[in-house]
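# Secondary and tertiary structure notes
Each chain is listed here by its residues.
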Amino acid sequence: MLLDRIVRFISSLRLTVVCLILAIILVFFGTLAQVNEGLYNAQARWFRSFFVWWTPGGTDWRFPFLPGGYLVGTVLLVNLIAAHFQRFALKWSKLGIHVTHAGLILLLVGQLSTDMFSRETLMSFNEGETANYTVSPSITELVFITPAANGKGDDVISIPQSLLTHPGKVIHNAKLPFDIRVQTFYVNAAVRQRAPMMDTNPPPATAGFGPDLTLFPQPEVKTTDERNTPAVILELSNAKGSLGTWLAYAGLSEQEITVDNRTWRMALRFERHYLPFSMKLLKTKHEVYRGTDIPRNFQSRVQIDNPVTHESRAVDIYMNNPLRYGGLTFYQYQMGRDQVDERRGNSVLQVVRNPGWLTPYIGCGLVGGGLLIQFLMHLVKFIKRRRTV
Amino acid sequence: MTGLVLSLATVGCKREQVREYQAPQEAPPAPAPATQTGQTLPPGHPDISGGGGNAGLTMPAVPKLVWKSLPEGWVEKAPSAMRAASFEITNSTGVMADVSVIPLPIGGRELDLVNMWRQQVSLPPSSDADADKEAAAVTIGGEKGKLFDMASAQPLQGSADRTRILVAMMQRGQLSWFFKVTGAAEFVEAQKPAFVEFLKDISFDETAAAAPAADMGMGMGGGTMDMSGGGMGTGGSPDLPEWTVPANWKSVPPTSMLLAKFDVTGSSNAKAEMTVSSFGGPAGGLLANVNRWRRQVGLGPVDEAGMDKMISTIDASGGKATLVDVVGTDAKSGAQTRILGAVVPQGDQTWFYKMMGNPAVVEDQKAAFTQFVQTIKYPHAP
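About the cut-offs
Residues numbered from 1 in each chain as written. Chains lettered and ligands numbered in written order. Predicted model: local features only at pLDDT ≥ 70, side-chain atom pairs only at ≥ 80, totals over all residues. Helix = DSSP H or I, 4+ residues; strand = E, 2+ residues; numbered from the N terminus. Buried ≥ 20, exposed ≤ 12 C-beta atoms within 10 Å, placed from the backbone. Contact = placed C-beta atoms within 7 Å. Pairing = 2+ DSSP bridges. Core = buried A, V, L, I, M, F, W, Y, C linked by C-beta atoms within 7 Å. Axes fitted to C-alpha atoms, helices over the stretch in contact; angles between N-to-C directions. Parallel < 35°, antiparallel > 145°, perpendicular 65-115°, else oblique. Left-handed = near helix turned anticlockwise from the far one by under 90°. Nonpolar A, V, L, I, M, F, W, Y, C, P; charged D, E, K, R; others polar. Expected span 1.5 Å × (residues − 1). pLDDT = per-residue confidence, 0-100.

In this section: the overall build of chain B. Tallying secondary structure elements over chain B gives seven helices and 19 strands in all. Counting across all 382 residues of chain B, residues that qualify as buried make up 35%. Considering only intrachain contacts with a sequence separation of at least 6, the fraction spanning at least 24 residues in chain B is 58%.

Structure, rendered in structure tokens:
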């Protein structure tokens, strides 16, 4: 009896309508929130969450005041599947409904998979340069690099930013000859050389570049055209004791740490994703509408070299004409000049990995096809009935 | 279906783990702006180097600071580095505070300056509105200025008392003037009325303006105040000493921050470069400079004890010279590189001689280098 009621509730059309209304409210307020919270923060808080939390001013309390995008999506999916099975009848006359439902399910699952598996990164290079990795626009990683024992490249130990944000956390990795203890993480910071006349406070760290620098915590930036430059202060230690405190900052290059005759290079850098192929920027074209600074066309000619498929070819990537290659989509994103050598063009490609990119097309096709089948069936039935009358 | 959703969720959460992978060895990086310690900034990052981005910013003539009398306990010290005047305040129990007067050819965002001082006493950054509220009006030599007063909540590392900073600032012509008192919180607070009186009392003597300094190598980097190159304050261009240049050293025009530069070519066209620079005060100290040179050849820093093992002292005409000899790899060229350096303190200046380049050439030139450093005659030397 109780189970019946639960099943009826889960599969009810009323629940569908409530979920759709909540989705509309979420989209409306989540879009407005992007003004103050920034694109990525608002997406995470309103859509990539099970609840939208609210903290009253001056307290540490958190109250859920709206279901988040994940919860609404999951309930809608369960509701749809439950309704489908409860009213399921294997009849030709219901074919259109089944196909439409399958399309809707595919849309919801596809959206969830896109959310979880898709990755947006950037590839930035100057004319004549070759790139074999892309970088995250916002997430950093703490890396320790040492030449590989087999002589082929470097061994890289990458610690994600999410593990660096908890003060006091100790990170241990069997391959590293030291433990890492997080002291302070700064979402955004600036550094400059220490000025002996002005900087009387202690430097941010005792080893590496730290003693020569002064660190300024900066407020987190939230707009999409600015980027946070995180910093973290770490203490490295091994069985013999502390190896000093180190400042890792996304604006610095690698610092060397030698332990037991092996040298490791450490850096906090924007997360890298290596590709099984390389791309060389051959030429950039930057056209604007005559007499204005309004861009008309950004175009990058790149040479793809794939040692696995022995492919080597040049392609053009320009606005509205992305390159789909190796499971990735390369969009023309920004274009400028090299900071050092003004004669060289610089191009930034947005690289999107989205294994579920076909699901919206198939889902929409199924929904459209299902509705068409259902409509045609009704039409045929209607015409037949008219003829018999 | 629920299984599918759960498996999606599980896979989606795997980002939290430490990744281990093998990456191809990196190609030599494309040239990018490097700071003086050899650190490379990402594209689009504001320049943080001292003499880099805004080098060439010229110091306008600095008028002489004149005062009728000094408050009790204030003792004038020889101004060093960037300071136009310098004082020490001591009370009967030996508590000390430092007073500096620094003119700078910059306007700068006031908030950045305030936040820089706040950070020095471990206070959180302030907002524009708050910074305005924190400022008190003060008269500096008959003109309007602002006074900021900030103190640390706790004693700072290495000191027993809380630290207080009083800074009075004013814009005068092309110069911003900063009058700063730093010391133990209570002592500095007690000195505040005397400091305010002193500010009223001072005047600027334009007729005794100091000659413009050559190139202070200072600038505003991305809204952040940036005022030193390589951890050193520059004291303007001192007079060049007298020296005898070895025959095979070819003089070339020096770049900013350098007073002289020579190209040295050895056998099979291997090269080294000899540079001379001079900075006010101890210029960050010997250890900082030895470590700076070590970094230039890709070596890690050493501590005092480590440094003592790699330096030697020789007699020079102006006193003692400290010789530093390091061999490593030049980060820019990847070639084996040796630095032979000499540091010679002379009055309120420190002179730096550096020969950097191919190890064989440097070895060949070692005797000539040592003789060059030893026989230099400094102006105003005793």
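On we go.
The subject of this paragraph is the overall build of chain A. A tally of helices and strands in chain A yields six helices and 18 strands. Residues counted as buried form 29% of the 389 residues belonging to chain A. Here the analysis covers contacts within chain A between residues at least 6 apart in sequence; of these, 54% occur between residues at least 24 apart.

Residues and elements named next belong to chain A. Alignment of strand E4 (residues 130-147) against strand E13 (residues 262-288), held across 11 bridges, turns out to be antiparallel. Looking at the pairing, Glu-141 lines up with Arg-269 of E13. With seven bridges joining them, E4 and strand E5 (residues 154-160) adopt antiparallel strand pairing. The residue of E5 that forms the bridge with Leu-142 is Ile-159. What sits between E4 and E5 in their antiparallel hairpin is a turn of six residues, with Gly-151 showing a positive phi close to 75 degrees.

It is worth spelling out the sheet that holds strand E7 (residues 179-186) of chain A at this point. All names here are of chain A. In space, the four strands of this open sheet follow the order E6-E7-E10-E11, with antiparallel pairing throughout. The sheet is open, and its two edges are formed by strand E6 (170-171) and strand E11 (241-249), each paired on a single side. Direction of pairing for strand E10 (residues 231-238) relative to E11: antiparallel, over a ladder of seven bridges. Residue pairing across strands places Ser-237 opposite Ser-242, the latter belonging to E11.

One finds Ala189(A), Ala231(A), Val232(A), Leu234(A), Leu247(A), Ala248(A) and Tyr249(A) to be the most contacted residues of the largest nonpolar core, which totals 39 residues. Those elements that place two or more of their residues in this core are E4, E5, E7, strand E8 (189-193), strand E9 (213-217), E10, E11 and E13 of chain A. By size, the runner-up hydrophobic cluster in this structure holds 33 residues, among which are Val99(B), Met116(B), Phe178(B) and Val188(B).

The next point concerns the packing of helix H4 (residues 69-86) of chain A against helix H5 (residues 95-117) of chain A. Residue and element names in this part refer to chain A. Close contact between H4 and H5 brings their axes to 10 Å; oriented N to C, the two are set at 155 degrees. On the basis of their axis angle, the class for H4 and H5 is roughly antiparallel. By crossing handedness, the relation of H4 to H5 is classed as left-handed. Here Gly-73, Leu-76, Leu-77, Leu-80, Ile-81 and His-84 of H4 come into contact with H5, specifically with His-101, Leu-104, Ile-105, Leu-108, Gln-111 and Leu-112. Here the residues of the contact of H4 with H5 sort into eight nonpolar, four polar and no charged.

Turning our attention to the sheet that holds strand E5 (residues 96-104) of chain B. Strand pairing in a sheet is mediated by backbone hydrogen bonds. Such pairs are either parallel or antiparallel. Residue and element names in this part refer to chain B. Spatial ordering of the open sheet is given by E3-E4-E5-E9-E8-E7-E6, a layout of seven strands whose pairing is antiparallel. Bordering the open sheet on either side are strand E3 (74-77) and strand E6 (136-140), each of which pairs with just one other strand. Taken over all neighbouring pairs, the strand axes of this sheet differ in orientation by 25 degrees on average, direction set aside. Sheet topology note: the strand E4 (residues 85-90)/E5 ladder contains six bridges and is antiparallel. From the neighbouring strand, Glu-88 faces E5, where its bridge partner is Asp-98. Those strands touched by helix H4 (residues 185-201) are E4, E5, E6, strand E7 (143-151), strand E8 (163-172) and strand E9 (175-184), and its axis lies near 150 degrees from that of E9.

For residues that are not glycine, phi is negative in most cases, and the peptide bond is trans in most cases. All names here are of chain A. Within the chain, Asn-261 stands out as a residue other than glycine whose phi angle is a positive 65 degrees. Mapped onto the elements of the fold, Asn-261 is located in the loop between strand E12 (255-259) and E13. In this structure, His-310 takes a positive phi of about 55 degrees despite not being glycine. Within the secondary structure, His-310 sits in the loop between strand E14 (295-306) and strand E15 (311-318). In this structure His-310 comes out as exposed when scored by C-beta crowding, with 7 C-beta atoms within 10 Å.

Now for the environment of Arg119(A). Assignment of secondary structure puts Arg119(A) in strand E3 (residues 119-126). Taking C-alpha positions, Arg119(A) is 9.5 Å from Leu328(A), a pair spaced 209 residues apart along the chain.

Let us now look at the pairing of E6(B). Residues and elements named next belong to chain B. Here E6 pairs with E7 via five bridges, running antiparallel. When the bridges of E7 are listed, Ala-137 appears paired with Lys-146. Count of turn residues in the E6/E7 antiparallel hairpin: two residues, of which Gly-141 carries a positive phi of about 55 degrees.

Turning to H5(A), a few remarks are in order. Relative to the 33 Å expected for 23 residues at 1.5 Å per residue, H5(A) spans 32 Å between its end C-alpha atoms, a close match to the ideal helical length. Buried within H5(A) we find Val99(A), His101(A), Gly103(A), Leu106(A), Leu108(A), Gly110(A), Leu112(A) and Ser113(A).

This part takes up the environment of Asn358(B). Residues and elements named next belong to chain B. As for its placement among the helices and strands, Asn-358 is situated in the loop between strand E19 (349-357) and helix H7 (359-374). Exposure remark for Asn-358: the 23 C-beta atoms within 10 Å place this residue in the buried category. Residues Asn-358 and Arg-338 lie 20 residues apart in sequence; the distance between their C-alpha atoms is 6.4 Å.

Turning our attention to the confidence of the model for chain B. All names here are of chain B. Confidence in the prediction of chain B, expressed as mean pLDDT, is 73, and 70% of residues score 70 or more. The model gives residues 211-237 a pLDDT under 50, and that stretch makes 98 contacts with residues more than four places away or in other chains. Both scores are given for the predicted complex: the pTM is 0.53, the ipTM 0.75.

On to the packing of helix H2 (residues 13-37) of chain A against helix H3 (residues 39-47) of chain A, then. All names here are of chain A. Running from N to C, H2 and H3 point in directions that differ by 145 degrees, and their axes come no closer than 8 Å. The crossing of H2 and H3 is right-handed. Along the contact surface, H2 presents Leu-26, Phe-29, Gly-30, Ala-33, Gln-34 and Glu-37, while H3 presents Leu-39, Asn-41, Ala-42, Arg-45, Trp-46 and Phe-47. Looking at the contact of H2 with H3 residue by residue, the class counts come to seven nonpolar, three polar and two charged.

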